[in-house]
Amino acid sequence: MTPTAPNPTAPAPTALTLLVADDNPVVRAGLRSLLGGRPDFRVVAEASDGRAALRETLRTRPQVILLDARMPPHDGLTALPHLARLARVLMLTHSREPRTVEEALRLGAAGYLVHGEFTTEELVRAVRDVGEGRSRFTATASEVLLRSLRASAYEGGDPIVSMSPQLESSPSRLQRTVEQWGLSAREVEVMDLIATGLNNRQIAATCFITEKTVKNHINRIFAKLHTDTRAEAIASWLGTRPTR
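Anyway, here's the lowdown on the structure attached to this text. (Residues numbered from 1 in each chain as written. Predicted model: local features only at pLDDT ≥ 70, side-chain atom pairs only at ≥ 80, totals over all residues. Heavy atoms only, no water.)

From N to C terminus, the protein chain includes 11 helices and 6 strands. Buried residues in the protein chain amount to 48% of all 244 residues. Within the protein chain, contacts between residues separated by at least 24 positions form 63% of all contacts whose residues are at least 6 apart in sequence. Carbon together with sulfur atoms contributes 53% to the accessible area of the protein chain, which is approximately 12,500 Å² in total. (Helix = DSSP H or I, 4+ residues; strand = E, 2+ residues; numbered from the N terminus. Buried < 20%, exposed > 50% of the residue type's maximum accessible area, 1.4 Å probe, protein only. Contact = heavy atoms within 4.5 Å. Areas by Shrake-Rupley, 256 points an atom, 1.4 Å probe, with all protein chains shown as cover.)

Here's what the structure looks like:
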């Protein structure tokens, strides 16, 4: 029997359209490279703060918005209730404070991922799940949800969210970092500060160490992360650099 040839007129699978909103251009570039390079995703816009995210959402109508919580001058939480009416919103942020997590969930976020608590594969799965109507949370947000549900059970009140989230539990960032990369606690601290945009002098002042010591830490971090530049190190640290 002659094999059936592919039908050239068959429609290609529809890619999930995404908007990336983060005030760090390195993070935006990393996410665009990682997610936009996949056939099932298409990044249709970027934004550097909440106001720009709302403007670009109205213009491009994405299905999923990846939103940072803190973006001066107009942060993501301020825009979140408006964005949640237009698309499903996945928080993708450094902010791990319980109050921030609770506020994001109350304002309509469909998921909450904290940088450093997920792998590249987990990020891809979370974006796909949120696009298909499921919720995803990393460890920090899961713990906040569980505390809220337990408090609600004791007090008879309503939990933070009126849904049954699919909790995505994962080890702490420090535990994951030690296991995956072998960074020391001090190197984790320095890498965190690099990811927030601080230069060597600012890191030295924050950690009460010399700039030479900072440079030594950075050289060891680059070697352990298998990177050559600050941008590559940040992308690896935030989980946006494709695995080799």
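There's more to say after this.
Let's shift gears to the pairing of strand β5 (residues 111-114). When a strand is regular, its side chains alternate between the sheet's two faces. Side chains Gly111 and Leu113 of β5 all project onto a buried face; the interleaved residues Tyr112 and Val114 project onto the opposite face, where all are buried too. Taken together, the 4 bridges between strand β4 (residues 88-93) and β5 define a ladder with parallel strand orientation. Residue pairing in the sheet places Thr93 in a bridge with Val114 of β5. Regarding the hand of the β-α-β motif, the stretch spanning β4, helix α4 (residues 98-106) and β5 is right-handed. Assessed by its sense of winding, the connection that carries the chain from β5 through helix α5 (residues 120-131) to strand β6 (residues 136-137) is left-handed. (Pairing = 2+ DSSP bridges. Right-handed = clockwise from strand over helix to strand, strands pointing away.)

For the rest of this paragraph, the subject is the pairing of β4. Of all 6 residues making up β4, 5 are buried, and the element is well covered by its neighbours. Pairing of strand β3 (residues 64-67) with β4 involves 4 bridges; the strand directions are parallel. Of the residues in β4, the one forming a bridge with Val64 is Arg88. Regarding the hand of the β-α-β motif, the stretch spanning β3, helix α3 (residues 76-83) and β4 is right-handed.

With that settled, consider the sheet that holds β6. Read across the open sheet, the 6 strands follow the order β2-β1-β3-β4-β5-β6; overall the sheet is parallel. Strands with a single pairing partner mark the edges of an open sheet, and in this sheet they are β2 (41-47) and β6. Relative to β3, strand β1 (residues 16-21) is paired through 4 bridges, and the arrangement is parallel. Residue pairing across strands places Ala21 opposite Leu67, the latter belonging to β3.

In this section: the packing of helix α8 (residues 185-195) against helix α10 (residues 211-225). Axis separation between α8 and α10 bottoms out at 10 Å; the angle between their running directions is 90°. Comparing their axes, α10 and α8 come out roughly perpendicular. Note on element contacts: α10 touches α8 through His217, Ile218, Arg220, Ile221, Lys224 and Leu225, opposite Arg186, Glu187, Val190, Met191 and Ile194. Tallied by class, the residues present in the contact of α8 with α10 amount to 6 nonpolar, 1 polar and 4 charged. (Axes fitted to C-alpha atoms, helices over the stretch in contact; angles between N-to-C directions. Parallel < 35°, antiparallel > 145°, perpendicular 65-115°, else oblique. Nonpolar A, V, L, I, M, F, W, Y, C, P; charged D, E, K, R; others polar.)

Residues of helix α2 (residues 50-60) that are buried: Gly50, Ala52, Ala53, Glu56 and Thr57. The buried residues of α2 occupy an angular sector of 150° when projected down its axis, which confines them to one face. Exposed side chains of α2 directed beyond 90 degrees from the buried face belong to Arg51 and Arg59. Where α2 is buried, its residues meet β1, β2, β3 and α3. (Arc of directions from axis to C-beta.)

The subject of this paragraph is the packing of α2 against α3. Helix-helix packing is characterised by the crossing angle of the two axes and by the distance between the axes. Closest axis-to-axis distance for the α2/α3 pair is 8 Å, and the angle between their directions is 25°. As the angle between them shows, α2 and α3 are arranged roughly parallel. Pair α2 / α3 crosses with right-handed handedness. Each of Gly50, Ala53, Leu54 and Thr57 in α2 lies in contact with α3, whose residues at this interface are Ala79, His82 and Leu83. (Left-handed = near helix turned anticlockwise from the far one by under 90°.)

The full count for this structure, using the stated rule, is 15 salt bridges. Residue Glu187 is joined to Lys224 by a salt bridge in which the shortest nitrogen-to-oxygen separation is 2.8 Å. Placement of Glu187 in helix α8 and of Lys224 in helix α10 is noted, with a sequence separation of 37 residues between them. Glu187 gets classed as buried once you look at its relative accessible area, which sits at 3%. A single network of salt bridges, built from pairs that share partners, joins Asp129, Glu132, Arg134 and Arg136. (Salt bridge = Lys/Arg side-chain N within 4 Å of Asp/Glu carboxyl O.)

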